[in-house]
Number of protein chains: 2
Amino acid sequence: MAMADEADRLTASLLDRCTFPPPGTDVTCAVSGGADSLALLVLAVSAGCDVTVVHVDHQLRPDSSADARVVERAAVRFGVPVEIHRVRVIDGPNLEARARTARYRVLPADVLTGHTADDQAETVLLNVLRGAAIDGLAGIRASRRPLLGLRRFDTRRLCSAHGLEVVHDQTNDDPRFARNRVRHELLPLISDIARRDPVPILARQASLLADDAEALDRLAAELDPTDARSLAAAPRALARRAVRRWLWTVDPEVPRFGHPPDAATVDRVLDVASGRHRGCDVGGGRRVERHRQRLVLSERVEGR
Amino acid sequence: MAMADEADRLTASLLDRCTFPPPGTDVTCAVSGGADSLALLVLAVSAGCDVTVVHVDHQLRPDSSADARVVERAAVRFGVPVEIHRVRVIDGPNLEARARTARYRVLPADVLTGHTADDQAETVLLNVLRGAAIDGLAGIRASRRPLLGLRRFDTRRLCSAHGLEVVHDQTNDDPRFARNRVRHELLPLISDIARRDPVPILARQASLLADDAEALDRLAAELDPTDARSLAAAPRALARRAVRRWLWTVDPEVPRFGHPPDAATVDRVLDVASGRHRGCDVGGGRRVERHRQRLVLSERVEGR
């Protein structure tokens, strides 16, 4: 059959640009029923992985169970087991973030997702909009995202070559989501100004920045954040990272914060390290003080 | 005079957000006659610096000498000497870059310029468009740019408070320059999507990335790029920087390149360091080879 041959050839050529674990590895693939995640399923099976498909039904539309049936049919066709999870997300503000939270609660931590280079470019630009530091600009990390080397049009072509029914997620057109405006307005404008396709450029940039961020993390981990002298002598970028990590680490005596300390708090601690101040508040009822060359983190005592 | 008081108050309050050298320092200010550079002149004088104004007339418009007269009048008013340089730039492709090259040929290396946070945001976005690595995303460096903490509207207000005549540079409206499309189309769209003013966000981001880039440079400088073992053991981001610097440094035996080696060349050298290959071409008729644990840079001999 010519069509099957064509589908096999395309699958093999796309697989060369993917980063799946070795054949025989157990993997769980998150499949919404869109082209990207269906391509993930097809390619993971072709890579020889032992695939389990999971689908999360957010029940946000009356017909959402139709998506689950599309996923079930694809899983049956490729002979892999499928799990359907129904979660309840109430429509309202921050819908996208809350749906993601609900989804990740039921998905295993090592689930593979179908993010492509287009998702990467959108994420980088969203993080530029938010003024994210280097870790945000490094975008989606490559681990557990085997399709980051593919484009969205590749996944559509693959689904079409295999004759797969694809779900069109209408929320991808909703301009209330910043990501959709990045996709439909910002990327086309950037493409017009730069006079070339910005997606591979942004994806390459993200990958270089991920290496930079990893190097900074590794070097900051070698710094002792309680040693004021070495903190003050270190490059500011490393000292900042070491302090941020220290304040954010679980301390048996004090409750852990839900988010890392902000830049102003970290800079105050560096002022204490350099001797400009003797101590400072770091939020959450905690305080950092310098005793000779040691920084000490303690619960703040009222009235002191 | 109430107006003079108002101008002085505004000058003092803007000066708090500038980074001029100490009073009495000799500084040269590049002044085009636009609001940003006229504000640079006013603020440098108020900071107590010994100011010399330089103006470059690119002679691109028949009336370009009118700009020089605006600058001369402002310099006279603030009692500082002024130098006018006439340079010849032919209209045509890459006009903006060629005008900048001509300008920097006549300006001293330590000249102060009137770049504001708005210029910083535009530069960061232009570098996002170009897929620049961290050094590009760090934007304009703060040294010799004392107004990076100000906004463009601050400089306009200041000129207006001092009753200064301001040149309107029509090339700032020309959509052939990518920078102008970033200013007039990309930034407004980003502002609309992010629902807040992106300029301070991008400026803050650039400053954090500049610290990160500086830390990486400092740590890469400690690596010996000819020691294959330490290169292979270092974080990839540092190894890349060390190799790039090495290949780009003047070697008494080989001519220097006009631009740094590209990422693919650097990655090939890292493959030689890790033992994957014995040697590789690095462009410009040069070759890197591994001899035991040493990398050796040499001129390539034909037929070897």
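What counts and what doesn't
Residues numbered from 1 in each chain as written. Chains lettered and ligands numbered in written order. Predicted model: local features only at pLDDT ≥ 70, side-chain atom pairs only at ≥ 80, totals over all residues. Heavy atoms only, no water. Contact = heavy atoms within 4.5 Å. Buried area = accessible area lost by both parts, 1.4 Å probe. Salt bridge = Lys/Arg side-chain N within 4 Å of Asp/Glu carboxyl O. Helix = DSSP H or I, 4+ residues; strand = E, 2+ residues; numbered from the N terminus. Buried < 20%, exposed > 50% of the residue type's maximum accessible area, 1.4 Å probe, protein only. Pairing = 2+ DSSP bridges. Least-squares fit on C-alpha atoms with pLDDT ≥ 70 in both. pLDDT = per-residue confidence, 0-100. Axes fitted to C-alpha atoms, helices over the stretch in contact; angles between N-to-C directions. Parallel < 35°, antiparallel > 145°, perpendicular 65-115°, else oblique. Nonpolar A, V, L, I, M, F, W, Y, C, P; charged D, E, K, R; others polar.

So, about the interface of chain B and chain A. Many analyses report the size of an interface as the accessible area lost when the parts associate. On the side of chain A, 45 residues touch chain B, which itself brings 45 residues to the contact. In total, about 3500 Å² of surface goes out of reach between chain B and chain A, with carbon and sulfur atoms giving 65% of it. When the buried area of chain B at its contact with chain A is split by residue, B:Leu129, B:Ile193 and B:Gln205 rank highest and sum to 17% of it. Inspection of the chain B/chain A interface yields six salt bridges. A salt bridge links A:Arg241 to B:Asp212, with the nearest nitrogen and oxygen atoms 3.9 Å apart.

Inspection of every chain in the model, using the stated rule, returns 50 salt bridges over all chains. Here A:Asp119 ties to A:Arg152 by a salt bridge, and the two come within 3.0 Å at their closest N and O atoms. Of the two residues, A:Asp119 is situated in helix α5 (residues 117-129) and A:Arg152 in helix α7 (residues 152-161); the sequence distance between them amounts to 33 residues. In terms of burial, A:Asp119 and A:Arg152 fall into one category: buried. Between B:Arg287 and B:Glu289 there is a salt bridge; the shortest N-O distance is 2.9 Å. On the basis of relative accessibility, which here comes to 14%, the residue B:Glu289 falls in the buried class. Through salt bridges that share partners, A:Asp36, A:Asp119, A:Glu122, A:Arg152, A:Arg179 and A:Arg183 make up one connected network.

Strand residues, when the strand is regular, have side chains that alternate between the two faces of the sheet. Residue and element names in this part refer to chain A. Pairing analysis gives six bridges linking strand β5 (residues 286-291) to strand β6 (residues 294-299), with the strands arranged antiparallel. Looking across to β6, one finds that arginine 287 is bridged to serine 298. In sequence, β5 turns back onto β6 through a hairpin of two residues, with arginine 292 there showing a positive phi of about 55 degrees.

What follows deals with the relation of the copies chain B and chain A. Note on the copies: chain B fits chain A at an RMSD of 0.1 Å, the axial shift is 0.1 Å, and the rotation between them is 180 degrees. Those values place the two copies in the arrangement expected of a two-fold rotation axis. The share of interface residues of chain B whose copies in chain A are also at the interface is 100%, consistent with both copies meeting through the same surface.

Time to look at the environment of B:Val87. All names here are of chain B. With respect to the element layout, valine 87 can be found in the loop between β3 (82-86) and α4 (95-106). It is 8.4 Å that separates the C-alpha atoms of valine 87 and valine 106, two residues lying 19 residues apart in sequence. Setting aside residues no more than four positions away along its own chain, valine 87 makes contact with Val56, Asp57, His58, Gln59, Ala102 and Val106.

All names here are of chain A. Scored by pLDDT, chain A comes out at a mean of 89, with 94% of its residues at no less than 70. Element-level pLDDT for chain A is lowest in helix α4 (residues 95-106), with a mean of 80, against a maximum mean of 98 in helix α2 (residues 35-46). When the criterion is pLDDT under 50, residues 252-257 qualifies, and its contacts beyond four places in sequence or with other chains add up to 10 contacts. For this predicted complex, the interface confidence comes out at an ipTM of 0.85, alongside a pTM of 0.86.

In this section: the sheet that holds strand β5 (residues 286-291) of chain B. Residue and element names in this part refer to chain B. Here we have three strands laid out as an open sheet, ordered β4-β5-β6, and antiparallel in their pairing. Pairing within the sheet leaves two strands with one partner each, and these edge strands are β4 (279-283) and β6 (294-299). Along the sheet, successive strands turn relative to each other by an average axial angle of 25 degrees, direction set aside. Lying over the sheet, helix α11 (residues 236-248) contacts β4, β5 and β6, oriented at roughly 30 degrees with respect to β6.

For the rest of this paragraph, the subject is unusual backbone geometry. Even without being glycine, A:Arg195 reaches a positive phi, approximately 55 degrees. Inspection of the secondary structure puts A:Arg195 in the loop between α8 (178-194) and α9 (198-220). Positive phi values are uncommon outside glycine, yet B:Arg292 reaches one of about 50 degrees. Within the secondary structure, B:Arg292 is located in the loop between β5 and β6.

Angle between the axes and distance between the axes: these two values describe a pair of packed helices. Residues and elements named next belong to chain B. Where helix α5 (residues 117-129) meets helix α8 (residues 178-194), the closest approach of the two axes is 10 Å, and the angle between their N-to-C directions is 95 degrees. Here α8 runs roughly perpendicular to α5, going by the angle between their axes. Judged by residue contacts, Asp119, Glu122, Thr123, Leu125, Leu126 and Leu129 of α5 engage Ala178, Arg179, Val182, Arg183, Leu186, Leu187 and Ile190 from α8. Looking at the contact of α5 with α8 residue by residue, the classes come out as eight nonpolar, one polar and four charged.

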